[in-house]
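Each chain, written out:
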Amino acid sequence: MKIISRKIKSQKDLNLLREIVESYVMTQNERESKCVRQKGIPIGNLTSQIFANIYLNEFDRFIKHCLKIKKHLRYGDDFIIITDNLNQLKNWRNSSVEFLQKKCQLDINKKNDILIIAKWGLKFLGTIIFPQGRKLNKRNLVRTEERLSFKNISSYHGLIKKHCKVKDIKKFNWQVLDYYEKQF
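Visitor: Hey, could you run me through the sheet that holds strand β5 (residues 122-124) in this one?
Guide: Strand pairing in a sheet is mediated by backbone hydrogen bonds. Such pairs are either parallel or antiparallel. Taken in spatial order, the 3 strands make up an open sheet running β5-β6-β7, and their pairing is antiparallel. Each edge of the open sheet is held by one strand with a lone partner, namely β5 and β7 (133-136). On average, each strand axis in the sheet is inclined to that of its neighbour by 30°, with strand direction left out of account. Here 4 bridges tie strand β6 (residues 127-130) to β7, and the two strands are oriented antiparallel to one another. Of the residues in β7, the one forming a bridge with I129 is R134. In the packing of helix α6 (residues 153-163) onto the sheet, the strands contacted are β6 and β7, and the crossing angle to β7 comes to about 140°.

Visitor: Can you help me understand the confidence of the model for the chain in this one?
Guide: One rule of thumb: low pLDDT means the predicted coordinates there are not for detailed reading. Residues with a pLDDT of 70 or more make up 89% of the chain, whose mean pLDDT is 85. In the model of the chain, strand β1 (residues 26-29) stands out as the element of lowest mean pLDDT, 55, in contrast to helix α4 (residues 86-104), which has the highest, 94.

Visitor: Got a minute to help me understand empty space enclosed by the protein in this structure?
Guide: Over the atoms rolls a probe the size of a water molecule, and in doing so it shows where empty space is left. Under the definition given, this model contains 1 cavity of 30 Å³ or more. Quantified by volume, the largest cavity comes out at close to 50 Å³. In terms of lining residues, the largest cavity is bounded by L141, T144, E145, I160, D168, K171, F172 and Q175. For the lining of the largest cavity, the secondary structure elements donating two or more residues are α5 (138-147) and α7 (166-183). No other element matches α7, which puts 4 residues into the lining of the largest cavity.

Visitor: Please clarify how the pairing of strand β3 (residues 72-75) should be interpreted in this entry.
Guide: Working note: regular strand, side chains alternate between the two faces of the sheet. When β3 meets strand β4 (residues 78-81), the two strands line up antiparallel, connected through 4 bridges. Its bridge partner being in β4, H72 is matched across the sheet by I81. The turn linking β3 back onto β4 is made up of 2 residues, and G76 within it adopts a positive phi angle of 65°.

Visitor: When you look at a positive patch on the surface in this model, what are you seeing that I'm missing?
Guide: A cluster of basic residues, K7, K9, R61, K64, K68 and K70, forms a positive patch on the protein surface. Take K68: it is sitting in the loop between α3 (48-66) and β3.

Visitor: Please explain α5 as it appears in this structure.
Guide: Every α-helical turn comprises 3.6 residues, leaving residues that sit three or four positions apart pointing alike. The complete set of buried residues in α5 reads N140, L141 and T144. The buried side chains of α5 occupy one side of the element, clustering within an arc of 105° when seen end-on. Among the exposed residues of α5, those oriented more than 90 degrees off its buried face are K138, R139 and E146.

Visitor: Mind showing me how you'd approach a nonpolar patch on the surface here?
Guide: A surface patch of nonpolar side chains, amounting to about 420 Å² of accessible area, comprises I114, I116, I117 and W120. Classification of W120 as exposed rests on a relative accessible area of 57%.

So, how was this worked out
Residues numbered from 1 in each chain as written. Predicted model: local features only at pLDDT ≥ 70, side-chain atom pairs only at ≥ 80, totals over all residues. Heavy atoms only, no water. Pairing = 2+ DSSP bridges. Helix = DSSP H or I, 4+ residues; strand = E, 2+ residues; numbered from the N terminus. Axes fitted to C-alpha atoms, helices over the stretch in contact; angles between N-to-C directions. Contact = heavy atoms within 4.5 Å. pLDDT = per-residue confidence, 0-100. 1 Å grid on protein atoms, 1.4 Å probe; cavity = no way out; pocket = protein on both sides within 12 Å on 5 of 7 lines; lining within 4 Å. Points joined across faces, edges and corners; volume = space filled by probe spheres on them. Patch = residues over 30% accessible without salt bridge, like charges linked within 9 Å, V, L, I, M, F, W, Y side chains within 5 Å. Areas by Shrake-Rupley, 256 points an atom, 1.4 Å probe, with all protein chains shown as cover. Salt bridge = Lys/Arg side-chain N within 4 Å of Asp/Glu carboxyl O. Lys, Arg positive; Asp, Glu negative; His and termini not counted. Charge placed at Lys NZ, Arg CZ, Asp CG, Glu CD. Buried < 20%, exposed > 50% of the residue type's maximum accessible area, 1.4 Å probe, protein only. Arc of directions from axis to C-beta.

Structure below.
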């Protein structure tokens, strides 16, 4: 709320935003039979993406202005840093983790806190990114098959066309034709 109040001066608007943020925090504690305050906003909440961008703007500024990292990407609460220098990367990682813990009260997910050689492929946001390009991960490719409908064909077509090889694009096109045949 401190970060938001720097930009929004209206007390009425701040109260509304505070209510949205605090609406998620009450959950039942089985052992003590009382409500316990939790951190965060559920991912499905429509405001979670905008709040993530507002809140983590502090981290973006730290990355850019303090660490002076040139190659980085953040989407929501996921981020990557790219460099050829392993020692520099380790230093940036330690500084980033410390900043997120002290200034934002956030912890890095240990499962996703990895250093990887780019040619092996980096799993990020449902894709696998390589130095020469990217591809859709297998899970998302399968999901497009399972969830194909009239409402999402164009969306999935764009996803497949953007992230897949010609072979997968052709396969998807045949699945679309098969889907249409079954409907008529």
